Every structure is written in C-alpha cells, then in structure tokens.
Amino acid sequence: MEFRPITIEDKSIIKPILFNSLSQICTHNFVNLIIWGEHFLPHYIIENQLLLIRGGIDEIYYNFPIGNGDKRKLISKLIESTQQEKKQLIFVNLNDSMK
C-alpha cells in the first residue's frame, strides 16, 4: 500500500470524506492534520471510496477507515500488508461503532 504525505494540496480530496464522517475525532479534521503534520507525520491512501490515515515516526499507527466502501476488505488488505512488512498493526482513536 502506497501512502502519501498529507499536504494542503490534498484538501479538495480529503476534506469531503472527513466532512461526511460521523466521527468527531480530532484526527478527522483536515486543519488538525496539517497543523500537526510535522509532529505526527500523517499519510493517507484512498482506496474504494475509503480514506485511511496513518501516522507516527518510530511506531506506525492507523486510524479506522473513513468513507462508504468495504472497510473489512481494506482492513484485511492492511493486515496482509503489515504482516508482509513484519510490522505491528496498531489502530488508534477507535470507538464502539468501529468494532
């Protein structure tokens, strides 16, 4: 999976997906992603109408996918990718509706 750094130029792509999310988590706010970019190094991928954001420096973590696509399929792909890379899969900012 090829994640890209989030930049101000990505606003028109990312913001509509975040806006339609029911989540009120601070990492689901485009301005916060830009402001904290140097500290958390957020990257993203959009696949099948889903936005997946990851961050971190020493330890990579992922937010739950946002959007209208098949979340289980994307998570399965992410599990496979992290296993191939021999990395731990860590999700953050989860709530009960994401289980």
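Please refer to the structure higher up on the page.
Residues numbered from 1 in each chain as written. Predicted model: local features only at pLDDT ≥ 70, side-chain atom pairs only at ≥ 80, totals over all residues. Heavy atoms only, no water.

S.K.: What should I look at first to understand the pairing of strand 2 (residues 43-47) in this one?
M.R.: Within a regular strand, side chains alternate between the sheet's two faces. The buried count for strand 2 comes to four of five residues, which makes it a mostly enclosed element. Both strand 1 (residues 4-5) and strand 2 contribute to a ladder of two bridges, which runs antiparallel. Looking across to strand 2, one finds that Arg-4 is bridged to Tyr-44. Inspection of the sheet shows strand 2 paired to strand 3 (residues 50-55) by five bridges, in the antiparallel sense. The partner of Tyr-44 across the bridge, within strand 3, is Ile-53. Adjacent in sequence and paired antiparallel, strand 2 and strand 3 are bridged by two residues, among which Asn-48 carries a positive phi angle near 50 degrees. (Buried < 20%, exposed > 50% of the residue type's maximum accessible area, 1.4 Å probe, protein only. Helix = DSSP H or I, 4+ residues; strand = E, 2+ residues; numbered from the N terminus. Pairing = 2+ DSSP bridges.)

S.K.: Can you walk me through the nonpolar core in this structure?
M.R.: One recurring pattern in soluble globular proteins: nonpolar side chains tend to sit buried together. Counting 10 residues, the largest nonpolar core consists of Ile-6, Ile-14, Ile-17, Leu-18, Phe-30, Leu-33, Tyr-44, Leu-51, Ile-53 and Ile-66. Elements that contribute at least two residues to this core include exactly helix 1 (11-19), helix 2 (30-35) and strand 3. Examining the composition of this core, we find that three residues originate from one element, helix 1, more than from any other. Setting aside residues up to four positions removed in sequence, Phe-30 forms contacts with Ile-6, Thr-7, Ile-8, Asp-10, Lys-11, Ile-14 and Leu-18. If you look at the next biggest cluster of nonpolar residues, it comprises seven residues, including Phe-3, Leu-50, Leu-52 and Leu-78. (Core = buried A, V, L, I, M, F, W, Y, C linked by side-chain atoms within 4.5 Å. Contact = heavy atoms within 4.5 Å.)

S.K.: What's the story with the packing of aromatic side chains in this structure? I'm lost.
M.R.: Working definition: an aromatic ring pair is given by the centre-to-centre distance plus the angle between the planes. Enumeration according to the criterion identifies four aromatic pairs in this entry. Ring centres of Tyr-62 and Phe-91 lie 6.4 Å apart, and the angle between their planes is 55 degrees; on these two criteria the pair is classed as tilted. Residue Tyr-62 is located in strand 4 (residues 61-63), and its partner Phe-91 is located in strand 6 (residues 91-92); the two are separated by 29 residues in the primary sequence. (Phe/Tyr/Trp six-rings, centres within 6.5 Å; stacked < 30°, edge-to-face > 60°.)

S.K.: Help me understand the pattern of salt bridges, please; the structure alone is not making it clear to me.
M.R.: Two side chains bearing opposite charge may form a pair once their charged atoms approach each other closely. Per the counting criterion, the structure on display carries two salt bridges. One salt bridge connects Glu-47 with Lys-77, and the closest N-O pair in it is separated by 2.9 Å. Highlighted residues: Glu-47 in strand 2 and Lys-77 in helix 4 (residues 71-84), separated in sequence by 30 residues. The exposure class assigned to Glu-47 is buried, which follows from its relative accessible area of 18%. Note on Lys-77: relative accessible area 37%, which makes it partly exposed. (Salt bridge = Lys/Arg side-chain N within 4 Å of Asp/Glu carboxyl O.)

S.K.: Any chance you could explain the side chain of Glu-47 here in plain terms?
M.R.: A polar side-chain atom of Glu-47 sits 2.9 Å from a polar atom in the side chain of Lys-77. When near neighbours in sequence (up to four residues on either side) are disregarded, Glu-47 contacts Met-1, Leu-74 and Lys-77. (Polar contact = N/O pair within 3.5 Å; in protein donor to acceptor, adjacent residues only side chain to side chain.)

S.K.: Just to check I follow, could you spell out helix 4 for this structure?
M.R.: Since one α-helical turn is 3.6 residues long, residues separated by three or four positions face the same way. When the terminal C-alpha atoms of helix 4 are compared, their 20 Å separation across 14 residues agrees well with the 20 Å that a helix rising 1.5 Å per residue should span. Among all positions in helix 4, only Leu-74, Ile-75, Leu-78, Ser-81 and Thr-82 are buried. Looking straight down helix 4, one finds its buried side chains confined to an arc of 120 degrees; they lie on one side. Seen from the open side of helix 4, the exposed residues pointing more than 90 degrees away from its buried face are Arg-72, Lys-73, Gln-83 and Gln-84. Contact partners of the buried residues in helix 4: strand 2, strand 3, strand 4 and strand 6. The backbone nitrogen of Arg-72 has a side-chain oxygen 3.2 Å away, supplied by the residue at the start of helix 4, namely Asp-70. (Expected span 1.5 Å × (residues − 1). Arc of directions from axis to C-beta.)

That is the geometry; function is a separate question.
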